[in-house]
Amino acid sequence: MGATPQDEIDKQHGEAYDAIISMKCAPMVDRGEIPLAWKVEPTMNDPRYNEAENVSVNGNSTLDTFQLKNEDEQSRYNLGSCISSRGQVDVSKLINLVTPGCHIPAATTNKPVSELKKMATNSKSNLWDEVNAAKNNAHVVRPSHDAWGIKKIVLMFCDDFLQTVYEMPWWHSNPAMRNAMKPILDALNIKPDRIVRMLFAALPPGTTIPVHHDTGAWVSKTHRVHVPIVVDDPDRIVFRCGPNESSMQRVSCIPGHVFEMNNQAKHAVSNCQKNNKHRVHMILDYVDMVHDDAGVSDSSLSSPSSFRPRRIQLSPGETLLQTRRSIDRALDKSKRPTPSFLILGAQKAGTTSIYEYLNQHPLVVKARRRETHCLDWRWNHTLNN
């Protein structure tokens, strides 16, 4: 899924302004936890959603031709099934923690973390400040959001393959933050050890995140939750979600509205507030609870239940090394095991095919040279053995 052209983003932002009047928020319905079985693939790839939309518009149904198994499966295709209002909670404590500095525009220069750590921290209470985060939390890059000027306060983050969850100092060493988050976790009936990503995002005024669906191995294995925190004028925040672009519904963004969304569905958000204020949401992703062979409940990503991500508590100022999909600690650099085997090939022996198969895995980095020839014409003849 390529980047959305700026002219298309501008067009969608104009449509969001129109939607302030023309599109009312959908009813806040608690549909319970959205089953992960509904998130195996992007909703736009499932023709049953298109048929369900036809039912809502024209009143005639051929959904039975898809042989839906039961009432639960039928509810998957009901209007509004991509959003579930899980509760309404008091977020006043969170407002107090994240309001300082939240309306200051993001820095326009992307400095490396090494440079940020050399700069002076203006205020430790401003958790949005990148210098403060780099020195007292851990600096995390979110390329698209950073480019749009969307600021963040990261409390937990994982790689796209759910191998490791990094718990930030501003979470594990901040009792005030953990206490302020408790009403949200209680509404969701989850414990912190099930959370794999948790952050605050400040969307600048006049900014639209265009229509998209999320990608990455983590998406189909996690529940995505949004909670509006700092919103001066909820009527001018246009958050939409639905199985395809033509069937997106508007979601209420009043502070404290805990809603789960199917982020395999299409969604977009626009900050159309006139008061030059950012909109702050708390965003978290959590995994299902499963039972192991001993009957003990624990968080897990998939069967078998013995597979669980590592959880690491970072120290203040730790440096993370990121690619588009992976995250590693700088402290662990050079600690990985070196290659322990070689594959020796001959002509027409299939080694080229093996090479191409291996490169299809997203965690494999393609070599600069496929055939090293280290044992023939590139051999170092000065070596004695």
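Within each chain, residues carry numbers counting from 1 in the order of the written sequence. Reporting in this predicted model follows two pLDDT cut-offs: at least 70 for local features of residues, and 80 or more for side-chain atom pairs to be given and counted; totals over whole chains, interfaces and linings ignore these cut-offs and use all residues. Side-chain measures here rest on the full set of heavy atoms in the structure, leaving out hydrogens and waters.

1. Thoughts on the overall build of the chain
Thinking step 1. Secondary structure elements follow DSSP: runs of H or I of four or more residues count as helices, runs of E of two or more count as strands, with numbering from the N terminus. Scanning the chain for helices and strands turns up 10 helices and 16 strands.
Thinking step 2. Burial status follows relative accessibility: with a 1.4 Å probe on protein chains alone, a residue under 20% of its type maximum counts as buried, one over 50% as exposed, and anything between as partly exposed. Here the chain, with 385 residues, has 44% of them falling under the buried criterion.
Thinking step 3. Contacts were defined at the residue level, with two residues in contact if any of their heavy atoms lie within 4.5 Å. Look at the contacts in the chain between residues 6 or more apart in sequence, and 74% of them connect residues 24 or more apart.
Thinking step 4. A total of about 20800 Å² of accessible surface is found on the chain, and carbon and sulfur atoms cover 52% of it. Calculation of accessible area relied on Shrake-Rupley with a 1.4 Å probe; when residues are assessed, cover is drawn exclusively from the protein chains displayed.

2. Side note on the nonpolar core
Thinking step 1. Within this scheme, the nonpolar core is defined by two criteria: the residues are buried Ala, Val, Leu, Ile, Met, Phe, Trp, Tyr or Cys, and they are joined through side-chain atoms within 4.5 Å. Ranked by size, the top nonpolar core spans 40 residues in total, and within it Met181, Phe200, Ile229 and Leu284 carry the most contacts.
Thinking step 2. Those elements that provide at least two residues to this core are helix 4 (92–98), strand 2 (151–158), helix 8 (169–172), helix 9 (175–188), strand 4 (195–203), strand 6 (223–230) and strand 11 (279–286).
Thinking step 3. If you tally residues by element for this core, the top one is helix 9, at 6 residues.
Thinking step 4. Judged by nonpolar contacts, the second largest core, of 28 residues, contains Ile150, Tyr166, Val251 and Ile312.

3. Concerning the pattern of salt bridges
Thinking step 1. In the sections that follow, a salt bridge refers to a side-chain nitrogen of Lys or Arg positioned within 4 Å of a carboxyl oxygen of Asp or Glu. The final tally for this structure, using the stated rule, is 12 salt bridges.
Thinking step 2. Arg224 is the partner of Asp214 in a salt bridge, and the nearest nitrogen-oxygen pair spans 3.6 Å. With a gap of 10 residues between them, Asp214 in the loop between strand 5 (207–212) and strand 6 and Arg224 in strand 6 connect regions that are remote in the sequence.
Thinking step 3. Among the salt bridges present, the one from Arg329 reaches Glu318, with a minimum N-O distance of 2.7 Å. Of the two residues, Arg329 is situated in strand 16 (residues 327–329) and Glu318 in the loop between strand 14 (310–313) and strand 15 (320–322); the sequence distance between them amounts to 11 residues.

4. Some points on the packing of aromatic side chains
Thinking step 1. The criterion for an aromatic pair is that two Phe, Tyr or Trp rings (for Trp, the six-membered ring) have centres within 6.5 Å, with stacked assigned to planes under 30 degrees apart, edge-to-face to planes over 60 apart and tilted to the rest. The final tally for this structure, using the stated rule, is 2 aromatic pairs.
Thinking step 2. Here Phe239 and Phe259 contribute two aromatic rings whose centre-to-centre distance is 5.3 Å and whose plane-to-plane angle is 80 degrees, an arrangement assigned as edge-to-face. Remark: Phe259 occurs in strand 9 (residues 257–261) and Phe239 occurs in strand 7 (residues 237–242); sequence separation between them is 20 residues. There is no split in this pair, since Phe239 and Phe259 are both buried.
Thinking step 3. Comment: the charge-over-ring label is applied if NZ (Lys) or CZ (Arg) is within 6 Å of the ring centre and within 35 degrees of the ring normal. Above the ring of Trp218, the side-chain terminus of Arg197 is found at 4.4 Å from the ring centroid.

5. A few points about helix 1 (residues 6–22)
Thinking step 1. For a helix, the expected span equals 1.5 Å multiplied by the number of residues minus one. Helix length check: helix 1 (17 residues) gives 24 Å between terminal C-alpha atoms against 24 Å at 1.5 Å per residue, within 8%.
Thinking step 2. Taken together, the buried positions of helix 1 are occupied by Ile9, Gln12, His13, Ala16, Ala19 and Ile20. All buried residues of helix 1 lie within an arc of 110 degrees about the axis, which places them on one face of the element. Exposed side of helix 1, more than 90 degrees from the buried face: Asp7, Asp18, Ile21 and Ser22 are the residues found there.
Thinking step 3. Where helix 1 is buried, its residues meet strand 5, strand 7, strand 8 (249–251) and strand 10 (266–271). It is the directions from the helix axis to the C-beta atoms that the arc portrays.

6. What about the sheet that holds strand 8?
Thinking step 1. Spatially, 4 strands are ordered 5-10-7-8 in an open sheet, and the strand pairing comes out antiparallel. For this open sheet the edge positions go to strand 5 and strand 8, each flanked by a neighbour on one side alone. In this sheet, adjacent strand axes meet at a mean angle of 20 degrees when their direction is disregarded.
Thinking step 2. Relative to strand 8, strand 7 runs antiparallel, the two being bridged by 3 bridges. Across the sheet, residue Arg240 finds its bridge partner in strand 8, namely Arg250.
Thinking step 3. Sitting on the sheet, helix 1 is in contact with strand 5, strand 7, strand 8 and strand 10, with an inclination near 100 degrees to strand 5. Two strands are said to pair when DSSP picks up at least two bridges between them. Note on geometry: axes are lines fitted to C-alpha atoms, helical ones only across the stretch in contact, with angles between N-to-C directions running from 0 to 180 degrees.

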